[in-house]
Every structure is written in C-alpha cells, then in structure tokens.
Amino acid sequence: MAYKFIYFDLDDTLLDHKSAEAAGLQDVQRHFSLFNDTKPQELIDVYHEVNSRQWSLYSQGEVGREQLQRNRFEQTLAKLGLDESRYEEIGNYYMQCYRNHWQWIDGAKEAYEKLYASFPVGILTNGFAETQRKKFEKFDLYDSARHVVISEEVGALKPDPKVFRHATNLAEVEPDEILYVGDSFSSDVQGGTSFGWKVAWFTGNGNLEQHKQADFVFHQFKDLTDLLEV
Ligand SMILES: [Mg+2]
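None of these values were measured; they are calculated from a predicted model. (Residues numbered from 1 in each chain as written. Predicted model: local features only at pLDDT ≥ 70, side-chain atom pairs only at ≥ 80, totals over all residues. Heavy atoms only, no water.)

(A) Quick look at the pairing of strand β2 (residues 121-125). Of all the five residues making up β2, five are buried; the element is thus mostly covered by neighbouring parts of the structure. Bridge count for strand β1 (residues 5-8) against β2 is three bridges, and the pairing is parallel. Note that in β2 the partner of I6 across the bridge is V121. (Buried < 20%, exposed > 50% of the residue type's maximum accessible area, 1.4 Å probe, protein only. Helix = DSSP H or I, 4+ residues; strand = E, 2+ residues; numbered from the N terminus. Pairing = 2+ DSSP bridges.)

(B) Structural detail: the packing of aromatic side chains. The tally for this structure, following the rule as stated, stands at 24 aromatic pairs. With 5.4 Å between their ring centres and 50 degrees between their planes, F73 and Y94 make a pair best called tilted. Residue F73 is located in helix α3 (residues 65-79), and its partner Y94 is located in helix α4 (residues 87-100); the two are separated by 21 residues in the primary sequence. Judged by relative accessible area, which is 1%, Y94 ranks as buried. Seen in terms of ring centroids, F136 and Y142 are 5.3 Å apart; in terms of plane orientation they differ by 75 degrees. Their pairing is edge-to-face. In this structure Y142 comes out as partly exposed when scored by relative accessible area, which is 36%. Among the aromatic residues, those joined into a cluster by ring pairs are F5, Y7, F164, Y180 and W197. (Phe/Tyr/Trp six-rings, centres within 6.5 Å; stacked < 30°, edge-to-face > 60°.)

(C) Representation of the coordination of the magnesium ion in the model. Taken together, the protein ligands of the magnesium ion are D9 (OD), D11 (O) and D183 (OD), with distances of 2.1 to 2.2 Å. Expressed as a motif, the donor residue spacing for the magnesium ion is D-x1-D-x171-D. In this pair, D9 sits in the loop between β1 and α1 (17-31) while D183 sits in the loop between β4 (178-182) and α10 (185-194), placing the two residues 174 residues apart along the sequence. Classification of D9 as buried rests on a relative accessible area of 5%. (Donors = N, O, S within 2.8 Å, 3.2 Å for Na, K, Ca; no water.)

(D) Region of the structure containing the sheet that holds β4. The parallel open sheet is built from six strands, whose spatial order is β3-β2-β1-β4-β5-β6. Strands at the two margins of the open sheet, each flanked by one partner only, are β3 (147-150) and β6 (216-218). On average, adjacent strands in this sheet sit at an angle of 20 degrees to one another, irrespective of strand direction. Sheet contacts for helix α5 (residues 108-118): β1 and β2; angle to β2, the most-contacted strand, approximately 130 degrees. Helix-sheet contacts for helix α9 (residues 161-171) involve β1, β2, β3 and β4, and the interaxial angle to β3 is about 165 degrees. (Axes fitted to C-alpha atoms, helices over the stretch in contact; angles between N-to-C directions. Contact = heavy atoms within 4.5 Å.)

(E) Geometry of the domain arrangement of the chain. The domain boundaries assigned to the chain delineate domain 1 (5-16 + 104-227) and domain 2 (17-100). Taking only C-alpha atoms into account, the centre of domain 1 sits 26 Å from that of domain 2. Across the boundary between the two partners, domain 1 contributes 12 residues, which contact 14 residues of domain 2. Taken as a group, D16, F128 and L157 account for 49% of the area that domain 1 buries against domain 2, more than any other trio of residues on that side. For the interface between domain 1 and domain 2, the tally reads two salt bridges. (Domains from an automatic or database assignment. Buried area = accessible area lost by both parts, 1.4 Å probe. Salt bridge = Lys/Arg side-chain N within 4 Å of Asp/Glu carboxyl O.)

(F) Region of the structure containing the pattern of salt bridges. On inspection of all chains with the given rule, the structure shows 15 salt bridges. Of the charged contacts, one joins K18 and D12 as a salt bridge, the two residues approaching to 3.7 Å between their closest N and O atoms. Across the salt bridge formed by E153 and R133, the nearest N and O atoms sit 2.7 Å from each other. With E153 in helix α8 (residues 151-154) and R133 in helix α6 (residues 129-138), this residue pair connects regions lying 20 residues apart in the sequence. With relative accessibility at 45%, the residue E153 sits in the partly exposed group. Bridged by salt links that share partners, the residues D9, K158 and D188 form one connected network.

Below, the structure written as structure tokens:
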C-alpha cells in the first residue's frame, strides 16, 4: 500500500493521556484536604463521567472551552458532595499535575521515529490548542511533523469531516493516500474512513464489526511498523 502521508492522533495513540489524567487526579486528591474522605479512584471515576459528558457537549457546540474547563471540576465536586466553589484552584492545579505525567505510549516513540524517517507525517488531534501545543513542544513534534492540526483551531472536532478536509488540504495528497493512526473508534476510525482515509486503529478492544471498518487493527506499535515495512 503506497501511503503518501501519515497522520497520527495524539492522545492515547502517541501519548498516554489516560495514565497522565489518572496520575494528575491522584495528585489532586492528595494535595487538597477537602478530598480527605474521597478515594482517589472515586475522584477518577466521577471526573471521567463528568468530563466525557462535557466533551460530548463541547463537540456539539453546546458548551465552550472555558465553560467545559469550569464545569468538569465544578460538577465533579458537586457529585462528590464537596465545595464546588473551589473548581478553579482545583482545575488549575490539576492541569499542572497532568502535564508532569505526560509520556509516550509503549513503543510509540520508536515507531513514530521510524515512520517519520520514511514518510511525511502529521498530527491531527482534538483537544485544547494551548495544551496540545505544549505537548508538541515537550515531545519535539514540531520538528518532525510537517503539519499539526488541532481541532480547536479548525473550529470543529473529529469526526467532523471539516477537520479531515483541512488536514487533507494541508497534506496535498488524495484522501485515500493518507493513513491515519488513532485509538478512537468514533473520532478516528469512523471519522477518517468516512472521509476516504485509510485508518490503522490502535486498540485492544472493539468487536469484529468495528474491526472491519478499519483498514488495519493493531495493539502493539511493532505491528504497525512491520505493516509499513520500516
Ligand atoms: Mg486519541
């Protein structure tokens, strides 16, 4: 398969967002005495539920970025029966902690380096521009990626075709010459294939029907580099 451009998703594909989020929330739980009677896992579970709902509203344009950043901690505190007026200091502290825990997914750095030596590569990510830019800097992605596309800057979130159109135009190739490597079934597999991209789905889950929608399914980055013969 002659791919002419490879785009990578960032969170939970190249970088381990989920672990950084959990570790950041554990730091938060330890730091503020108002969480003395809250178990770390309880905070993580409630935050996850609230944050997913807020992201879904954000992707539908029903809340803005600042509202999301406020709501996710205000509502988490409310659900835990704690003082919700402290959402701002807790949210700010969380972002500092979250950043300290960023790291590559196992095997992703080596695979990414091999691939960008052989293909033009880019990053295509949902997420907040300010945060994602800091990740690009910390992991030297600006030096290796030809194009970095952040949904917030495009004004639409994956799986919206606007995002994929924008990224395709930047790559200056045909949609079916692009391989997208991502972990989300709805944002990456459905979003990418609907626009005509080929998609390599990084997952340990999914049912057979879902697997069939991706062009390639892999669980270890070595399988991706083997496929692409790098
Ligand atoms: Mg992802």
